[in-house]
Amino acid sequence: MTIERETLEMDVLLVGAGPANLACGLHLTKLIAAYNERSKQSGTKPLDEVNIAVIEKAAEIGAHQLSGAVLDPISLRELIPDFENEGAPLEAPVGEEHVYFLSEQGKIPLPILPPPLRNHGNFVVSLNKLTRWLGEKCEAAGVNIFPEFPGTEMLYDNGAVIGVRTGDKGIDKTGNPKPNFEPGVDITAKVTVLGEGVRGSLAKQLINRLKLDAGSDPQVYSVGIKELWEMPDDRFAPGSVIHTMGWPLDSHTFGGSWVYGMRDRIIDIGLAVGLDYRDPSIDPHHEFQRFKTHPLIKDLLGGGKLIRYGAKAMPVGGWYTMPQLTSDGVMIIGDSAGLLNGERLKGIHTAIKAGMLAAETIVDALIKGDFTRNTLGVFDKKLKDSFVGSELYKARNFHQAFDRGRMFGLITEGVSVLTGGRLPSKLPIKAGHEHMRMLKADEHTDRYAGLKYDDKLTFDKLTDVYYSTTHHDEDQPAHLKVADFNICVDQCTREYGNPCQSFCPANVYEMVDAGEGKRRLQINFSNCVHCKTCDIMDPYQIIDWVPPEGGGGPNYRNM
Amino acid sequence: MNIVVCLKQVPKKDSILRIGSDGKWIDERDISYEMSEADAYALEEALRQKEKHGGEVIVVSLGPERARQSIKEALAKGADRAIHLFDSVFDTATDSAAVARAISAALKDEKYDLILTGLQSDDYGFAQVGLIVAEQLGLPSATIVMEVQPEDSAVRVKRELESGWFQWVRLPMPALLTIQSGINQLRYATLKGIMAAKKKEIREVKAADIGLTSDDLKPGQVIERAYLPEKTKRTEFIEGKPAEAAAKLVEKLRFDARVI
Ligand SMILES: Cc1cc2nc3c(=O)[nH]c(=O)nc-3n(C[C@H](O)[C@H](O)[C@H](O)COP(=O)(O)OP(=O)(O)OC[C@H]3O[C@@H](n4cnc5c(N)ncnc54)[C@H](O)[C@@H]3O)c2cc1C
Ligand code: SF4
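Residues numbered from 1 in each chain as written. Chains lettered and ligands numbered in written order. Predicted model: local features only at pLDDT ≥ 70, side-chain atom pairs only at ≥ 80, totals over all residues. Heavy atoms only, no water.

(A) The arrangement of empty space enclosed by the protein in detail. All names here are of chain A. Across all of its chains, the model carries five cavities of 30 Å³ or more by this definition. Approximately 740 Å³ is the volume found for the largest cavity. Contributing to the lining of the largest cavity are 48 residues, with Gln65, Leu127, Gly197, Lys312 and Asp335 lying nearest its centre. Counting only elements with at least two residues in the lining of the largest cavity, the list comes to helix H1 (19–42), strand S3 (52–56), helix H4 (201–210), strand S18 (255–262), strand S20 (305–315) and helix H7 (348–368). Examining the composition of the lining of the largest cavity, we find that three residues originate from one element, S20, more than from any other. If you add up the space inside the second largest cavity, you get close to 100 Å³. Lining the second largest cavity we find 14 residues, and of these Cys488, Cys492, Cys500, Asp538 and Ile543 sit closest to its centre. Among the secondary structure elements, those contributing two or more residues to the lining of the second largest cavity are helix H14 (485–495) and helix H15 (500–503). No other element matches the three residues that H14 contributes to the lining of the second largest cavity. (1 Å grid on protein atoms, 1.4 Å probe; cavity = no way out; pocket = protein on both sides within 12 Å on 5 of 7 lines; lining within 4 Å. Points joined across faces, edges and corners; volume = space filled by probe spheres on them. Helix = DSSP H or I, 4+ residues; strand = E, 2+ residues; numbered from the N terminus.)

Pasting the structure below:
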């Protein structure tokens, strides 16, 4: 089938409408206006009209955003100095804060908050609302915003990136065009910025092709499982913050929980589970359900009602895992570039700052008319010289220490915080899926035997998925591409017990009876909440997450 | 041929609904909205007719500011211009008659051959706005329309009746048709369409602009209470041979539980 494609010419193309790219788009419009104002006064040539487009795979801006979130306002303040009065959707300033180390029934409060966990001056926000608001600001400033258009392929010319192809629409499940088939469009641009968030599907293609990670450690990730609860009373004030470590995660599993108070008697609660655990039967959703049965949480949520569910991965490797951020015609920012500070569990402020710095570099490139790495490469340095660089550098050994188990992690982390990140040497790190250990012959342990779903406090996966309001057109090819199904039924069952069934928080992967005593992998792709865990944690790295038809996926509100 | 399409924005299907604090409607915070399904088919039909016969497609929507999103979607798909009835005075217009009065008033000076509406909206499901508009504008109308064939000054339409029966009727134009979901295949908005939509007119109309006051928009009918279906558990054993029991089960699922 040869497909005729239209081309849309832009100057700057931002892929992914997250805080990184929306900050980039908004800042660009301001910098361009300021430059043109200056050139009017000095009589030099202003920039021609600069066409900026943002494409986003979700049906609405913000619908695929899921975060904690406690926002460090440092960079939002720089982007929109008067953000409170301009109507930024903030839940509340952070108020009372607690950190506990949990055992199955008990809790030990940490008497002093470790500095990375101190949140005075920060705000509890819903990232999904904040993103929506930034999207409106961008649109008002003249940025073209295109929800429902995922980028599916990078376009190159002689090794330089010249834009992105968007996904075809109207393909049926056998791969043939339907009557309303709408081919994807080639959007060309002088600069393409990938701000696709964690484990970006285009970023993955680009980094592999151009070997942008040649000098860095493999990225490591955590996945956050989150629910919103509506409470009957004001028991947990907006802005209240609890973090916990320890139970229910075992000592080989990195992670911890958060509980944040939102407006309107809503409690935001979640558990981050390191995607470098050992036991292949670990199920982050189940760990989270168990977590809620701890007396501290059970009491807190008693009488409340589940109203939302979702999950999303985050990159936590930090400094040593950052790829090269630029190449000819292209830049990578935000979570796609691994700019999240894993020690503080914060990436919104670094994403916004990176977007702003990228905008500065793009304006320089537009003025010079040079979009090669010679000009764009300044961004790599600018970022490292900014607070983003110094934050990430300070935390550079944080996850690497946990890589060796929790106790080692806690001790080295303590030393590391006290010494500003200085450890005797750089700790080595390996990719998360390589930590998963193989099953011993005839190993049958049911980690979750004691876990019951009472539909009040604890919910099975399918019920939870309902609360993510996820939707995909069923008549399309699955967007989880498994390179070799034979590995699933044979080798993986034996070696790891098909962990995809456990790590996927949305019940997408199911080993089902294929008759004649055989089993096969069924992919319920329409449940997928786009968390990217399978792409990350599959021990054979044969699952490739690609964007489904535009608009498909979760519809997160207030997450 | 000029076609007016009436469209309404409704909460997205599969939304998690909560009842508002007044107990009379849902809590509208934190839910997403979309074009009501049947209206989307009405729009698609209008665009297809325009592609065949030329003319203009004008969309009309009464709703709060967020309704602009659905209006823009219609323009991106190919409608030519839009009228947005947007005024706090319209907030009280919650029954079909009041909404229809506003739409009819807004269309008074428009030239059209057809007015299309969805069969019924996905939220209230009254299925009446279109018919009342037709009455107020003195137009012939047909409901549950499955196919539209314009002729010189008339339009032939196929209507869906009960149990697989259809009916063809001919109406003089201008006429109003209420469109059944699924009569065509919806198109996708294209990037170029979205860009082009930015330059299209969305005329905001206030009640006073069309000579209406809040008295004209008083609803004759109000919602007393909104509540989620109350769950009751009932267990029933179906006796008989497996094949018979299965048939009975299917029947129950279809007609009692209405799940298949
Ligand atoms: C559970 C959890 C808790 C967190 N808690 C906090 C916190 O408390 N404080 C904090 O500061 N940070 C927190 N973070 C991190 C923070 O959310 C991220 O660092 C931040 O969202 C990164 O922004 P971004 O713009 O890079 O990416 P994202 O916010 O992920 O946005 C990327 C966007 O790109 C879209 N996209 C992806 N691929 C494509 C494609 N191919 N085509 C089109 N669109 C595409 C996605 O749909 C998405 O909308 C948390 C993250 C998680 C997962
Ligand atoms: S299929 Fe993969 S990306 Fe989708 S929800 Fe499951 S683990 Fe996440």
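Having seen the structure, we can now continue with the description.
(B) Structural context of the site of ligand 1. Residue and element names in this part refer to chain A. Lining the immediate surroundings of ligand 1 are 38 residues, of which Glu56, Gln65, Ser67, Lys312 and Asp335 lie closest. Between ligand 1 and the protein, one listed contact pairs an oxygen atom with a backbone N or O atom of Pro19 at 3.2 Å. Contact between ligand 1 and Ala20: an oxygen atom at 2.9 Å from a main-chain N or O atom of the residue. Considered on its own, ligand 1 offers 1,000 Å² of accessible surface; in the complex 99% of this is hidden by protein. (Near = heavy atom within 4 Å. Polar contact = N/O pair within 3.5 Å; in protein donor to acceptor, adjacent residues only side chain to side chain. Areas by Shrake-Rupley, 256 points an atom, 1.4 Å probe, with all protein chains shown as cover.)

(C) Expanded view of the pattern of salt bridges. Residues and elements named next belong to chain A. Applying the stated rule across the entire model yields 55 salt bridges over all chains. Residue Asp233 pairs with Arg235 through a salt bridge whose shortest N-O separation is 2.8 Å. When its relative accessible area of 34% is taken as the criterion, Asp233 is described as partly exposed. For Arg235, a relative accessible area of 33% translates into the label partly exposed. (Salt bridge = Lys/Arg side-chain N within 4 Å of Asp/Glu carboxyl O. Buried < 20%, exposed > 50% of the residue type's maximum accessible area, 1.4 Å probe, protein only.)

(D) Quick look at a nonpolar patch on the surface. Residues and elements named next belong to chain B. Residues Leu249, Val250, Leu253, Val259 and Ile260 make up a contiguous nonpolar surface patch of roughly 420 Å² in combined accessible area. The residue Ile260 is located in the segment after helix H6 (242–256) in this model. Here Ile260 falls in the exposed class, since its relative accessible area comes to 55%. (Patch = residues over 30% accessible without salt bridge, like charges linked within 9 Å, V, L, I, M, F, W, Y side chains within 5 Å.)

(E) Examining the pairing of strand S6 (residues 97–102) of chain A more closely. All names here are of chain A. With six bridges connecting them, S6 and strand S17 (residues 241–246) associate as parallel partners. By the bridge assignment, Leu102 is partnered in S17 with Gly246. In terms of strand pairing, S6 meets strand S7 (residues 107–109) through three bridges, oriented antiparallel. Bridge pairing in S7 places Leu102 opposite Lys107. Counting the residues in the hairpin turn of S6 and S7 gives four residues. (Pairing = 2+ DSSP bridges.)

(F) Focus on the sheet that holds strand S11 (residues 160–166) of chain A. Residues and elements named next belong to chain A. The four strands are arranged S1-S14-S11-S10 in an open sheet whose pairing can be described as mixed. The two strands at the open ends of the sheet, each matched to only one other strand, are strand S1 (7–9) and strand S10 (151–157). Averaged over all pairs of adjacent strands, the angle between strand axes in this sheet comes to 30°, irrespective of strand direction. (Axes fitted to C-alpha atoms, helices over the stretch in contact; angles between N-to-C directions.)

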